[in-house]
Structure formats: C-alpha cells, structure tokens
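Residues per chain are reported as follows:
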Amino acid sequence: MPVHRPGPVRPRRLFLAGLLLTALSLVLAGPADAATKPARGTAHMGMGVLAHDGRAGAPAARAVTQTEGVDVSGHQGDVAWSTLWSSGVRWAYTKATEGTYYTNPYFAQQYNGSYGVGMIRGAYHFATPDTTGGATQANYFVDHGGGWSADGRTLPGTLDIEWNPYGAECYGKSQSAMVSWIADFLNTYRSRTGRDAVIYTATSWWSDCTGNYAGFGSSNPLWIARYASAPGTLPAGWAYYTMWQYTSSGPTVGDHDKFNGALDRVQALANG
C-alpha cells in the first residue's frame, strides 16, 4: 500500500498563520497594556516611589523631634480622622486637584475633617505638565481648595511633582522646560495667595526631569519622598527637608509623613 507523504506547506498558508498569530497577540496584549495605566484623576502622592526607588526600611530614631502627619486623596474615601488624631498624627495634606480636569470628591470630608479634630491641614495639587501650563494649573488649584488663610492652622499649598503615572516619566518635557513649568506654577501660586508653595518630589525624579535644578531651595519648602530609614540625598538647592513621606503602608491611612521639627514648627509654617 503506497505511503502518502504531506507536501510542503504553501507560502500563503504560512502568511495567513502569521497574520492570525499577530492578531491574537494584539488582542491579548491590549488589555494588559491598558491595565498598567491608571485612569486620569486617580494619581496621588508617592504613586511611583515604590516602583522607581523601592523600599528600604523604616525611619531610624532621630535626635531632632519630628511631628507625625498623613497625606490623603480620593482613593482613601472618608478618613477616620479621630483615629489618626488618637494615634499621634497632628498635620495632614489632602489632594484637592489634578491638572485642570479633576477635583477630589472627598475633599470636604478630608480637608475639613482633619481640621475638625484639631490638626493643622493643607491641600496639594498633582501636577500634569503635559496637559496645561503651570500658571493655569496653579489657578485651578487655588480656585478649587488650594488657597491659604491666615488662621494659624492652614499650611501653604503643595505642588506634587513626580513620576507621570499616565505616560512618559518627565511628561514629554526637556529639563529646562520642566523647570520653567514649575516656576510658572510657583510664581502664580505666590501671586494668588502670598505664600510660597511646598514642593513634593523625589530626588531621583528631580534629577532626571529638572537636571537637579537648584533654584527653588531658597524659597520653597521641600517635602521629600523616600521609603527608607533616612531621607537620603536631597535635591540640589535644599540643605534640609521640611517634610518627609517615609511610607505608603502606615496604620489607618497608608501615606505617613514626618515634619522635621516639633509641632510649633508646623504652626510656624502655617503662620508664614
């Protein structure tokens, strides 16, 4: 009985098989890639710290008295402020805005709730330099909860400028363009409120995206992000930090911070 051997696979069949495999790979990769990017508006302080700088222990004991604080945003929802107060937290920052397209729906509960239990409080803005200009975002921030009042318990607004969770790390800007964007935000905030805004950032991001620019250290307090036993090397221009976000896994609320001084120094910053 003759044995039938299969002939060579025709080039057309190979071509069609290749198209099918390519289509399947796009279908499978699409949702996974999309899932890595959060929805606009969901960014918060320290969102990229673990991914870029990692975690290296808890803060070591320091000779200088430090005052415990927290920072919160919409993803925490209603916050148990009385519990935080009982645990020793004495100051708090709440995300007010992002870009010019988002306001925190929990802002009132978080901002007023911290004040209501006796904390000194402030608001922060998550910057998106790829969407609108610095001055435009500063105005949006002030107009939606980021202002300052001389009541002795309101801290100056904070510019949260860090890794872009939605795309390119430096928001598609050159180092000089990023410095200009930040300066526009800070100058506008000062003209609107009379206060110099705090800058929240990480040394690694600041070095990459501003070229380690040193020009803001003389006027704007530094809030450094680093999850380790010490804040480490600070960005150029700052000899010391004012605040330090040291963890994203604290009790009650994940993001915990230390003010570099006793409570009277927190009050001094509030008073200007």
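Residues numbered from 1 in each chain as written. Predicted model: local features only at pLDDT ≥ 70, side-chain atom pairs only at ≥ 80, totals over all residues. Heavy atoms only, no water.

1. As for the layout of surface pockets
How we decide: Of the grid points, spaced at 1 Å and generated over the protein atoms alone, those admitting a 1.4 Å probe that cannot get out make up cavities, while open sets with protein on both sides within 12 Å along at least five of seven lines make up pockets; any residue with an atom within 4 Å of a point is treated as lining. Grid points are joined across faces, edges and corners, and a volume is the space filled by probe spheres set on the points. Here a strand is any run of E in DSSP of at least two residues, a helix any run of H or I of at least four, and the numbering for each starts at the N terminus. Note on residue classes: Ala, Val, Leu, Ile, Met, Phe, Trp, Tyr, Cys and Pro are nonpolar, Asp, Glu, Lys and Arg are charged, and everything else, Gly too, is polar.
A volume near 330 Å³ is recorded for the largest pocket. Broken down by element, the lining of the largest pocket gets its largest block of residues, 3 residues, from helix 8 (residues 263-271). Grouping the constituent residues of the lining of the largest pocket by class yields 9 nonpolar, 7 polar and 1 charged.

2. Digging into helix 8
What counts here: Between buried and exposed lies partly exposed: a residue is buried under 20% and exposed over 50% of the maximum accessible area for its type, with that area taken using a 1.4 Å probe on protein chains only. The arc in question is formed by the directions pointing from the helix axis toward the C-beta atoms.
All of the buried residues along helix 8 are Val266, Leu269 and Ala270. Take helix 8 and look down its axis: the buried residues cluster within an arc of 100 degrees, on one side only. Where helix 8 terminates, the next one or two residues include Gly272, which has phi positive at roughly 80 degrees.

3. Some words on the pairing of strand 11 (residues 256-259)
In plain terms, the rule: Strand pairing follows a simple DSSP-based rule, namely that at least 2 bridges must link the two strands.
Side chains of strand 11 alternate between two faces, with His256 and Lys258 and Asp257 and Phe259 buried alike. As paired strands, strand 2 (residues 67-72) and strand 11 are joined by 4 bridges and run antiparallel to one another. Note that in strand 11 the partner of Glu68 across the bridge is Lys258.

4. Observations regarding the state of the cysteines
Under the convention used in this document: Whenever a pair of cysteine sulfur atoms sits within 2.5 Å, that pair is classed as a disulfide.
Overall, the coordinates contain 1 disulfide when judged by the stated rule. Residue Cys170 pairs covalently with Cys209 via a disulfide, S to S 1.9 Å. Judged by the sign of its S-S torsion, about -75 degrees, the bond between Cys170 and Cys209 is left-handed. With Cys170 in the loop between strand 6 (158-160) and helix 6 (175-193) and Cys209 in helix 7 (residues 203-210), this pair connects stretches of sequence that are 39 residues apart.

5. Describing unusual backbone geometry
One non-glycine residue, Tyr171, lies in positive phi territory at about 60 degrees. Among the structural elements, Tyr171 can be located in the loop between strand 6 and helix 6. At Thr252, a residue that is not glycine, the phi angle is positive and equals roughly 65 degrees. Positionally, Thr252 belongs in the loop between strand 10 (243-247) and strand 11.

Purely geometric numbers; function is a separate question.
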